[in-house]
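# Topology and contacts: notes
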Amino acid sequence: MNVFRRLAAQWAERYRKMSIQMVLSLSFTAVAAAGMLLMSVSLIWRFSAVNEQLVAENSRRVLAQANLNLDSYLRRMMRISDTVYYRSIKNMDLAEDDLTGDLSLLYEENRDDLVSLAVFDGEGALVSAVPLTALKRDAETADSDWFQAASQSMENLHFSTPHVQNIFDDPDYPYRWVVSLSRHVQLTRDGATEGGVLLVDMSFSGIEQVCRDVTLGSGGYLYLIDGDGELIYHPRQQLIYAGLLEENNRAAAAYRDGSHQEKFQGRSRQVTVKTMGYTGWKLVGVAPAESWFAASPQLPLFGLTLLLFSIFLMAFLNFLISARISDPILRLERSIRELDKGLGGVKIEEGGCYEVQRLNHAVASMVSTMRHLMDDIVRQEGEKRRSELEVLQSQINPHFLYNTLDSVIWMTESGQQTEAIQMVTSLARLFRISLSKGKSIIPLADELEHARHYMNIQQIRYKNKFTTEIEARPGTEGLYTLKLIIQPLLENAIYHGMASAEDDGLIRVTAYREGEDLLIDVEDNGLGMRPELAASLLDEDRPEVRTKGSGIGVRNVHQRVGLTFGEGYGLAIFSEPDEGTLVRIRLPALDREEAERRRQGEEL
Amino acid sequence: MKTEKSRLIQIAILAALGLAAALSLALPQLLRGEREPQLLSLTVLLRDTDSSGWTVARQGMEQAADELGAELRFLTLAAANDGAEQEELLLREIEDGAAALVVVPADPAALSAALAPWLVVCPVVTLESPMEGAAGVVSPDNALLGQELAEALLEDWDGGEVLLLDTAGRCAGVSARLEAAEETLAAEGIPARRAEALPEEPPRWVMAFEPSVTQRTAEGREAGGRDFALYGVGSAAAITAQLERGNLAAIAAWSDYAAGYLAVRRAVNAVRGTGGALGPLPFFILREEDIYAPENQKLLFPIMSSSSR
């Protein structure tokens with residue numbers, strides 16, 4: 001039981017690992033092969049049964065013919081006996097007539113079939129005989145089986161089993177095998193009747209010749225037994241007599257006429273029996289099982305070839321059909337696996353049969369929906385982040401506004417009205433550009449203007465400790481940029497680079513085009529910093545420390561540019577201690593149309 | 001990857017099925033070749049100058065040859081019991097391509113030595129006497145036969161010397177019969193002597209241990225009108241006739257037909273590497289009154305007249 005469970009578990013495990021095509025093709029092939037095998041077995045069984053019937057029918061026919069021939073032969077012998085008895089013995093008085101002449105005549109007519117003809121009186125004494133006329137000195141005629149049978153059953157003729165004729169004195173000692181036909185006769189001697197026995201010794205070869213040429217198909221043969229099963233003729237009789245071979249003759253004697261199955265010495269065979277009318281002898285036809293199971297030994301092989309070829313053909317067709325069915329499913333599975341790996345642009349084919357097409361369609365639809373949802377999520381996340389950054393950006397403004405207004409108040413109080421007006425004017429322009437009607441992408445000229453006004457204010461506040469140069473090189477005309485990206489860098493440059501300047505500070509803003517990109521450099525000649533520190537300013541993982549010039553503004557600008565235009569755009573910081581810092585903004589070179597399209601995209 | 005493996009398995013299954021179908025187509029041709037074994041050429045060599053005493057044995061041999069697919073070639077010697085001639089003839093037969101030999105050896109020891117290099121390629125089966133290196137011997141238990149024949153004589157013995165005809169020469173099987181009979185008689189205190197030929201005035205009791213000598217001695221007894229009890233061996237019709245005519249008191253007989261059949265069957269099996277060892281051939285002591293007992297008839301008088309195929 002455990003073995004079956006283990007096998008079932010192993011099969012289940014193997015089944016789980018098999019491809020659908022393998023399962024389909026192997027299952028179909030196994031079922032087809034089992035069906036064909038079953039059909040073949042039933043055909044062979046049916047064929048054998050029919051063949052067996054044919055063999056039995058053939059045996060019966062052959063035995064009937066052999067019976068006819070043998071019966072004819074025996075009846076001829078009986079006619080000889082009748083002739084001797086009714087034409088000679090009954091018409092003769094032995095005291096006056098000699099029987100030998102008649103016997104000789106009959107013997108000469110039938111000498112091929114006869115060994116001897118003899119008449120004995122009731123005591124077994126020889127009355128007359130041909131061709132031998134003398135008995136052996138110790139011949140015990142009256143004790144012979146044939147004599148006893150004739151004496152005891154007077155109305156019948158009796159056939160003996162084959163034996164060596166041993167009563168006549170023959171100088172050649174030929175030891176002939178004969179079958180004796182004996183009958184009781186009435187002898188007349190001196191007018192008185194007495195009992196006697198007429199003996200007709202038939203040559204065994206006569207019976208042998210009748211039986212010898214009978215053939216019963218491949219390996220079959222015929223033998224003859226008497227009613228007790230004693231062997232009369234067998235094609236290998238002497239081997240049986242010598243003890244080198246056995247025959248099932250005793251059992252066959254008990255069989256009724258017809259065909260029987262028997263197993264003898266481990267071999268199955270069909271035995272057909274035919275009882276001869278007068279003698280009670282039985283003709284037995286033997287057909288080995290092989291002769292009807294496979295009339296021709298090539299037949300089972302031919303059947304096997306047909307079976308194997310059918311299975312081969314069926315397997316081939318099954319493999320093709322299962323491939324046809326399973327290939328679309330396999331392609332779908334492969335596509336899903338590629339999707340699972342995150343490969344973009346995977347196309348879901350909608351082939352195969354109806355159910356698979358529907359499945360493919362459903363999966364393709366699902367994938368498309370997922371892609372849209374994911375895009376939406378990504379976009380929403382970007383928008384959200386950008387909004388956050390813009391809020392942070394705007395948080396700087398009140399502080400700056402306070403400082404600026406404080407400076408304006410101070411300048412007004414101190415009578416510096418021209419500077420105060422200039423400062424307020426710049427502040428107004430600054431705010432107007434900051435608003436830009438809520439647009440995030442503005443002309444580069446406006447952004448530079450914004451930077452200029454911001455620097456005007458800061459220069460007043462810092463009492464011209466540094467100078468500012470803002471330049472837009474040729475090729476940048478008409479280009480657009482993300483708004484409020486220069487001001488945080490300028491703020492950082494002022495707080496970080498110009499704090500300790502002694503009227504020789506310089507902050508330079510340069511916008512120029514490089515291929516399809518717009519570059520804006522914000523450069524100062526301030527204290528500078530170590531390159532590692534400069535690199536870390538843009539690191540998103542760097543903890544936020546809200547101090548002046550902590551770099552948060554710079555990082556916000558970097559993230560805004562990245563979120564708006566994608567990877568490859570943003571800030572790069574180059575700095576060396578005591579030499580100054582260069583912050584480079586890389587943006588796509590947007591013309592008016594592109595800028596308008598992006599604005600519309602943002603609004604959507 | 002899995003698909004590729006599946007395809008390989010499918011191709012392997014298709015290839016195996018195709019191969020099996022092709023093989024089953026070719027198999028009948030192969031089987032036909034196997035079913036028709038080559039006809040074996042066997043040589044039968046006696047130690048006598050004529051084979052009339054071997055008629056029944058020859059019928060058995062031919063029956064076996066017919067059944068087992070062999071053809072027989074019968075040879076006799078120019079001079080009886082000539083071991084040298086027997087060696088020469090057998091070596092010539094081996095050179096001529098005989099597949100196996102069936103021999104009644106005149107001198108088993110010398111013959112074994114002469115044929116030793118050839119026994120592997122050409123099996124030899126002996127009749128009557130065993131031979132070293134032979135594939136088998138078909139013979140009654142010679143010692144037992146001699147003993148039982150002597151016991152048959154003892155049943156009749158009423159005094160007088162027993163003459164043992166020592167005609168065997170170097171034939172071991174016949175010697176074994178003689179020696180066993182001699183020992184049996186000696187054990188009973190019966191005087192016995194050996195003689196190579198029957199004397200002019202033989203004693204009342206004579207024993208012969210070869211079929212041919214038995215037949216000759218019985219015929220001599222009848223022709224000379226001599227009165228001695230002869231005990232011999234053999235089952236040829238001529239010997240049986242002498243037994244029936246009273247010229248033999250008893251014989252040790254066996255089925256010559258069975259002997260011949262078994263010898264050829266053993267030789268063929270030896271060539272084909274099949275079959276097992278042979279046991280001793282059954283024999284029986286036969287007196288005149290038992291000749292026509294049904295079982296004896298079957299053994300002594302083969303029913304082969306026209307049925308041998």
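Placed above this text is the structure.
Residues numbered from 1 in each chain as written. Chains lettered and ligands numbered in written order. Predicted model: local features only at pLDDT ≥ 70, side-chain atom pairs only at ≥ 80, totals over all residues.

### Thoughts on the overall build of chain B
Our working definition: What counts as a helix is a DSSP run of H or I of at least four residues, what counts as a strand is a run of E of at least two, and both are numbered from the N terminus. Three exposure classes are used, all based on how many other C-beta atoms lie within 10 Å of a residue's own C-beta (placed from the backbone): buried at 20 or more, exposed at 12 or fewer, and partly exposed between those limits. By the convention adopted here, residues are in contact when the distance between their C-beta atoms, placed from the backbone, does not exceed 7 Å.
Looking only at helices and strands, one finds ten helices and eleven strands in chain B. The buried share of chain B, reckoned over its 309 residues, is 49%. Taking as baseline every contact in chain B between residues at least 6 positions apart, the subset at least 24 positions apart corresponds to 70%.

### Concerning the overall build of chain A
Along the backbone of chain A there are 16 helices and 18 strands. Classification of the 604 residues of chain A by burial places 33% in the buried group. The contacts of chain A with a sequence gap of at least 6 include a subset with a gap of at least 24, amounting to 66%.

### Examining helix H1 (residues 2-17) of chain A
The condition is simple: Expected helix span is given by 1.5 Å per residue-to-residue step, counting one fewer step than there are residues.
Here H1(A) contains 16 residues, and its C-alpha end-to-end distance of 23 Å stays within 8% of the 22 Å for a straight helix at 1.5 Å per residue. Here H1(A) lies mainly on the outside; zero of its 16 residues are buried.

### What to know about the interface of chain B and chain A
To keep it simple, the criterion reads: Each residue gets one label: Ala, Val, Leu, Ile, Met, Phe, Trp, Tyr, Cys and Pro are nonpolar, Asp, Glu, Lys and Arg are charged, and the others, such as Gly, are polar.
Across the contact, 34 residues belong to chain B and 36 residues belong to chain A. Contributions of two or more residues to the side of chain B that touches chain A are made by helix H1 (2-35), helix H8 (237-244), helix H9 (256-272) and helix H10 (294-300) of chain B. Among the elements that make up the side of chain B that touches chain A, the one with the highest residue count is H1(B) (15 residues). Across the side of chain B that touches chain A, the residue classes break down as 20 nonpolar, eleven polar and three charged.

### Observations regarding the sheet that holds strand S8 (residues 205-207) of chain B
Residue and element names in this part refer to chain B. Filter applied, for reference: When DSSP finds two or more bridges between two strands, those strands count as paired. Note on geometry: axes are C-alpha line fits, over the in-contact stretch for helices, and angles between N-to-C directions span 0 to 180 degrees.
If you trace the six strands from one edge of the open sheet to the other, you get S7-S6-S8-S9-S10-S11, paired in mixed fashion. Edge positions in the open sheet fall to strand S7 (192-195) and strand S11 (283-286), since each of these has one partner strand only. Averaged over all pairs of adjacent strands, the angle between strand axes in this sheet comes to 20 degrees, irrespective of strand direction. Direction of pairing for strand S10 (residues 250-254) relative to S11: antiparallel, over a ladder of four bridges. Following the sheet pairing, Ala-252 is matched in S11 by Ile-285. Packed onto the sheet, helix H5 (residues 142-156) meets strand S6 (162-165), S8, strand S9 (229-233), S10 and S11 and runs at close to 160 degrees relative to S9. Relative to the sheet, helix H6 (residues 172-187) contacts S6, S7 and S8, its axis offset from that of S6 by approximately 165 degrees.

### A few points about the environment of A:Val115
Residues and elements named next belong to chain A. In this structure, Val-115 sits in strand S1 (residues 114-121). A tally of 23 C-beta atoms within 10 Å means that Val-115 is categorised as buried. Spatially, the C-alpha atoms of Val-115 and Val-200 are 7.9 Å apart, while their sequence positions differ by 85 residues. If sequence neighbours within four positions are ignored, Val-115 has contacts with Gln-165, Arg-176, Val-178, Asp-201, Met-202 and Ser-203.

### What about the environment of A:Ile585?
All names here are of chain A. Here Ile-585 is to be found in strand S18 (residues 580-588). Sequence separation of Ile-585 and Ala-511 is 74 residues, and the distance between their C-alpha atoms is 9.2 Å. Residues in contact with Ile-585, not counting those within four places in the same chain, are Ile-485, Leu-519, Ile-520, Val-561 and Leu-571.

### Points about the packing of helix H2 (residues 20-88) of chain A against helix H3 (residues 100-109) of chain A
Residues and elements named next belong to chain A. For clarity, the threshold we go by: Any angle from 65 to 115 degrees is called roughly perpendicular, while one under 35 is roughly parallel, one over 145 is roughly antiparallel, and all others are oblique. If you view the pair so one helix is near and one far, a crossing is left-handed when the near helix is turned anticlockwise from the far one by less than a right angle, and right-handed when it is turned clockwise.
In contact at an axis separation of 11 Å, H2 and H3 are set at 155 degrees when each is read in the N-to-C sense. It follows that H2 is roughly antiparallel to H3 by the angle criterion. The hand of the H2/H3 crossing is right-handed. In contact with Ile-80, Thr-83, Val-84 and Ser-88 of H2, H3 contributes Asp-102, Leu-103 and Leu-106.

### Details of the pairing of S7(B)
Residue and element names in this part refer to chain B. This is how it is decided: By convention a crossover is right-handed if, when the strands point away from the viewer, the path from the first strand over the helix to the second runs clockwise.
Pairing between S6 and S7: four bridges, direction parallel. Within S7, the residue paired with Leu-165 across the bridge is Ala-195. For the crossover from S6 across H6 to S7, the handedness is right-handed.

### A word on the pairing of strand S11 (residues 282-288) of chain A
All names here are of chain A. The buried count for S11 comes to six of seven residues, which makes it a mostly enclosed element. Summarising the sheet, strand S10 (residues 267-275) and S11 pair through seven bridges and their orientation is antiparallel. Directly across from Thr-272, in S11, lies its bridge partner Gly-285. The hairpin turn running from S10 into S11, its antiparallel successor, is six residues long, and Gly-280 in that turn takes a positive phi close to 80 degrees.

### Brief notes about the sheet that holds S11(A)
All names here are of chain A. Spatial strand order, S8-S7-S11-S10-S9: five strands in an open sheet with antiparallel pairing. Since the sheet does not close on itself, it has two edges, and those belong to strand S8 (231-233) and strand S9 (258-264), each with one partner. The sheet shows a mean angle of 35 degrees between the axes of neighbouring strands, direction not considered. With respect to the sheet, H2 is in contact with strand S7 (221-225), S9, S10 and S11, its orientation differing from that of S10 by roughly 35 degrees. Strands in contact with helix H5 (residues 204-212) are S7 and S8; relative to S8, the strand with the most contacts, it is inclined by about 75 degrees.

### Things to note about unusual backbone geometry
The general pattern is negative phi for most residues beyond glycine and trans for most peptide bonds. Residues and elements named next belong to chain A. Geometrically, the link from Val-130 to Pro-131 is a cis peptide bond, its omega value of -5 degrees lying close to zero. Here Pro-131 shows up in the loop between strand S2 (126-130) and helix H4 (145-152). For Asp-190, which is not a glycine, the phi torsion comes out positive at approximately 55 degrees. The backbone of Asp-578 shows a phi angle near 70 degrees, a positive value even though the residue is not glycine. Positionally, Asp-578 belongs in the loop between strand S17 (570-576) and S18.

These figures capture arrangement, not role.
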